[in-house]
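Residue-level structural notes
For reference, the chains in residue letters:
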Amino acid sequence: MLMKQLRGMKVITDRGLELGKVEDLLIDEGSGKVSHICVKPASSGMFRSIPKDKGQLLIPYSAVLAVREFMIISERVLTIMEMKGGAGV
């Protein structure tokens, strides 16, 4: 899938909570793999402990469960990140 197809894609959790829309991807320079998804949040109050960059949520790619018409993220992984105070998974 091309980045232009991902940009603006709706991001939801596996429990149906809308997180926002894909803005960008962070790529690990060493491996060339996607490390994080940058998501413009739908609401400013959600998942306050998740790391942010310029107001965007930085969600580890390991949290992605599926990508079709929208991107599905594991809410369990986000909750664990919150409990750890935003540390990466």
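To be clear, the structure that these remarks concern was listed above.
Our subject in this report is the structure included herewith. (Residues numbered from 1 in each chain as written. Predicted model: local features only at pLDDT ≥ 70, side-chain atom pairs only at ≥ 80, totals over all residues. Heavy atoms only, no water.)

With respect to the environment of I27
- Looking at where I27 falls in the secondary structure, it is placed in strand β2 (residues 18-27).
- For the pair I27 and Y61, spaced 34 residues apart in sequence, the C-alpha separation works out to 10.0 Å.
- Here I27 is in contact with G32, K33, V34 and S35, once residues within four sequence places are set aside. (Helix = DSSP H or I, 4+ residues; strand = E, 2+ residues; numbered from the N terminus. Contact = heavy atoms within 4.5 Å.)

Some words on the pattern of salt bridges
- Under the counting rule described, the total for this entry stands at one salt bridge.
- Between R7 and D24 there is a salt bridge whose closest N-O contact spans 3.8 Å. Here R7 is found in the loop between α1 (3-6) and β1 (10-13), whereas its partner D24 is found in strand β2, with 17 residues between them in sequence.
- On the basis of relative accessible area, R7 is assigned to the partly exposed category, the value being 47%.
- Accessibility expressed as a relative area gives 35% for D24, which makes it partly exposed. (Salt bridge = Lys/Arg side-chain N within 4 Å of Asp/Glu carboxyl O. Buried < 20%, exposed > 50% of the residue type's maximum accessible area, 1.4 Å probe, protein only.)

Some remarks on the sheet that holds β2
- The strand order β4-β5-β3-β2-β1-β7-β6 describes an open sheet built from seven strands, whose pairing is mixed. Both edges of this open sheet fall to β4 (52-53) and β6 (64-67), since each of them pairs with a single strand only.
- Looking at chain direction, β1 and β2 are connected through three bridges and run antiparallel. Across the sheet, K10 pairs through a bridge with K21, a residue of β2.
- Sheet strands in contact with helix α2 (residues 75-83) are β1, β2, β5 (56-60) and β7 (71-73), and its direction is about 110° off that of β5. (Pairing = 2+ DSSP bridges. Axes fitted to C-alpha atoms, helices over the stretch in contact; angles between N-to-C directions.)

So, the nonpolar core
- V11, V22, I37, I59, M71, I73 and L78 are the most contacted members of the largest nonpolar core, which has 18 residues in total.
- Of all the secondary structure elements, the ones that give two or more residues to this core are β2, β3 (34-41), β5, β7 and α2.
- Residues within four places of I73 in sequence aside, it is in contact with V11, I12, T13, D14, L19, I37, I59, A63, V64, L65 and L78. (Core = buried A, V, L, I, M, F, W, Y, C linked by side-chain atoms within 4.5 Å.)

Some remarks on the side chain of Q56
- Following the sequence through the fold, Q56 ends up in strand β5.
- The residues touching Q56, leaving out its near neighbours within four places in the chain, are E23, C38, V39, P41 and P51.

Things to note about the environment of D28
- Here D28 is to be found in the loop between β2 and β3.
- The class for D28 is partly exposed, based on a relative accessible area of 36%.
- What D28 contacts, discounting residues up to four positions off in sequence, is K33 and S35.
- At 2.8 Å, the side chain of D28 and the backbone nitrogen of S31 are in polar contact. (Polar contact = N/O pair within 3.5 Å; in protein donor to acceptor, adjacent residues only side chain to side chain.)

Purely geometric stuff here, so don't read any function into it on its own.
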